[in-house]
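Notes for the structure review
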Amino acid sequence: MLNDLLGRRPPPRAPADHAGQQDAGSPASSASPRASRRPRIGLALGGGAARGWAHIGVIRALARAGYEADVIAGTSIGAVVGGCHAAGKLDELEVFARSLTKSRVLWLMDFHIGSGLIGGERLRRLLDRDLQDRTIESLPGRFAAIATELRSGHEIWLTRGPLVHAMRASYALPGIFDPVRIGGRLLFDGALVNPIPVTVTRALAAELVIAVNLNNDMMGRGAVIPDHGGDVPREEMAETIAEGLFSPVIGAARSLQKRMGRRPASDPGLASVMVDAFNITQDRIARARLAGDPPDVHIKPKLGRIGLFDFHRAEEAIALGEEAVAHAMEDLQTATEALTRTG
């Protein structure tokens, strides 16, 4: 279906000295209105871990409204959902997402001692099962997964090679998953450099860019407190933002710390600090990049109540993605009309 939408252009117009003539095989007559071509649609799917199941709802709702993507660029979970969609495997991914329970999520987290807490082999095997040896070049539409190079911090656009390998590199959250080696580079989560890859989508020749921001609903971020000092009330020190975001690991960490008796109850744990620091970094980078290169349509599902690792809440996240598209329909129609070419 994506392939059918690529490369569609109206028949060439007649030269100026034959402006009143039509080719014999042309379906249009001189009295007919000039043909129009809708803009090439690009999806920029942002990172956000479990909130990324909302991408499934967004893609479903856009397809029902007639907005099939010609170009997909994804960061982190956006690369996983976008890659599966580009490969024609969105149905299988949705079935998997809806089947997840808390216990199955824990089973998928194959904890080990390495560059990250999770080896990711179980998840890789699941992706391999459905995507097998698919390469990015073999996909019917244009696709890119965004990753970050370890040490240099370079933004890497993965536009060729094994699809599953590119997905794994894009979602390798630092400290959680081991980095992935591709082409001699060690790569991890692309959200550290480009959380919502609008720029990549445009570079791949998209004319109407639809960005999906999974973290827009995190209210109260980015404020400046110019005068501060002294003791902070205990409730402000609580782990209110990170609570529930990383519940399986936080629970295990708290249990261990309680046994060891080394951390005051009011202090945030390692997992909470790590996840919250990543959230803050991603939010600040996304704000700056979207200000410099805003999308034509910005879809913002209200996902604030879904934690980053609440993968078992797929049904809720998918519904919120569909709801967000309904709220953006007016913007979609306006942008499509403005960018549709005639003649």
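Digging into the pattern of salt bridges
This model, assessed by the stated rule, comprises 16 salt bridges. Where Arg60 meets Glu94, a salt bridge forms, and the shortest distance between an N and an O atom there is 2.8 Å. A residue pair is termed long-range when its members are at least 10 positions apart, and Arg60 in helix α2 (residues 54–64) and Glu94 in helix α4 (residues 90–99) qualify at 34 residues. The shortest N-O distance in the salt bridge between Glu322 and Arg64 comes to 3.6 Å.

A few points about the pairing of strand β8 (residues 208–212)
Among the 5 residues of β8, 5 are classified as buried, and the element is accordingly described as predominantly covered. Burial of β8 is two-sided: the residues Leu208, Ile210 and Val212 facing one way and the residues Val209 and Ala211 facing the other way are all buried. Bridge count between strand β2 (residues 41–45) and β8: 5 bridges; the pairing is parallel. Residue pairing for β8: Leu43 is matched across the bridge by Ile210. In this sheet, strand β9 (residues 297–299) lies alongside β8 in parallel orientation, the contact comprising 3 bridges. Pairing of Ala211 across the sheet is with His298, part of β9.

Focus on the nonpolar core
One finds Trp53, Leu62, Ile210 and Ile299 to be the most contacted residues of the largest nonpolar core, which totals 75 residues. Discounting residues that sit within four places of it in the chain, Ile210 has contacts with Ile41, Gly42, Leu43, Ala44, Leu62, Val297, Ile299 and Leu332.

So, the confidence of the model for the protein chain
Across the protein chain, pLDDT averages 80, with 70% of residues at or above 70. Confidence over residues 1–32 falls short of pLDDT 50; this stretch has 27 contacts with residues more than four positions distant or in other chains. In this model residues 232–249 is a low-confidence stretch, pLDDT under 50, and it forms 37 contacts with partners more than four residues away in sequence or in other chains.

Scoring rules and cut-offs
Residues numbered from 1 in each chain as written. Predicted model: local features only at pLDDT ≥ 70, side-chain atom pairs only at ≥ 80, totals over all residues. Heavy atoms only, no water. Salt bridge = Lys/Arg side-chain N within 4 Å of Asp/Glu carboxyl O. Helix = DSSP H or I, 4+ residues; strand = E, 2+ residues; numbered from the N terminus. Buried < 20%, exposed > 50% of the residue type's maximum accessible area, 1.4 Å probe, protein only. Pairing = 2+ DSSP bridges. Core = buried A, V, L, I, M, F, W, Y, C linked by side-chain atoms within 4.5 Å. Contact = heavy atoms within 4.5 Å. pLDDT = per-residue confidence, 0-100.

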